[in-house]
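Geometric and topological summary
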Amino acid sequence: MKSRLTLLLAALLLFSGCNDNQMIEAFSLRDQIRLEVDGVCMFAYTPEKCQLSFNRQNGQFRAHTDSMSDYFIIEDMSDIPTEEGQEIVADIIWTTRNDIMARKKITLKVIRLQGDKVWLWSSYGRIGAELRILD
């Protein structure tokens, strides 16, 4: 009985790892400044209706609608992302239809860099964020 349970747990861990890799790959293939949680887009930047801001000194990136009714913010970054594989710690705040959500001190890994765009991923939170480093 114990060996069956051990085998089942190992299979579940393997499956969840593959699922995470698939989510990371799917997230990194899209090119749109956005925040995704569990594969669901929470906020997507559109130039006609949104604004971006970046403050290097404060380690803060913001994407929001012109009215600030919807947004996502990455702040208190432990470092500015500059290379793939780099891990940073930051706080993420975003709006949903009914609430304001936050994850504090979450570890984010740089999974892709292209020009001034950075793709960040948290396996723990299954959170992906694409942002632009504006200087």
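Residue numbers here run from 1 along each chain, matching the order of that chain's written sequence. The model is predicted, so local features are restricted to residues of pLDDT at least 70 and side-chain atom pairs to those at 80 or more, both for listing and for counting; the totals for chains, interfaces and linings are taken over all residues. Each side-chain value is derived from all of the structure's non-hydrogen atoms; neither hydrogens nor water enter the calculation.

1. Side note on the pairing of strand β8 (residues 117-122)
What counts here: Relative accessibility under 20% of the residue-type maximum defines a buried residue, over 50% an exposed one, and the middle range a partly exposed one, all with a 1.4 Å probe and only protein chains included. Working definition: helices are DSSP H or I runs of at least four residues, strands are E runs of at least two. Numbering for both runs from the N terminus. Strand pairing is defined by DSSP finding a minimum of two bridges between the two strands.
In terms of burial, β8 is largely enclosed, as six of its six residues are buried. Neither face of β8 is open: one carries K117, W119 and W121, the other V118, L120 and S122, and all of them are buried. Alignment of strand β7 (residues 100-114) against β8, held across five bridges, turns out to be antiparallel. Its bridge partner lying in β8, R112 is registered against W119. Linking β8 to strand β9 (residues 127-132), which pair antiparallel, is a turn of four residues; within it R126 sits at a positive phi near 50 degrees.

2. Section: the pattern of salt bridges
Defined as follows: Basic side-chain nitrogens of Lys or Arg form a salt bridge, by our definition, when they fall within 4 Å of a carboxyl oxygen of Asp or Glu.
The final tally for this structure, using the stated rule, is eight salt bridges. Put simply, R30 and E36 hold a salt bridge, and the shortest N to O gap is 3.2 Å. For R30, a relative accessible area of 37% puts it in the partly exposed group. On the accessibility criterion, E36 (9% relative accessible area) is buried. Between K104 and D91 there is a salt bridge, and its shortest N-O distance comes to 4.0 Å. You can see K104 sitting in strand β7 and its partner D91 sitting in strand β6 (residues 87-95), a full 13 residues away along the chain. Accessibility expressed as a relative area gives 54% for K104, which makes it exposed. Residue D91 is classed as buried on the basis of its relative accessible area of 4%.

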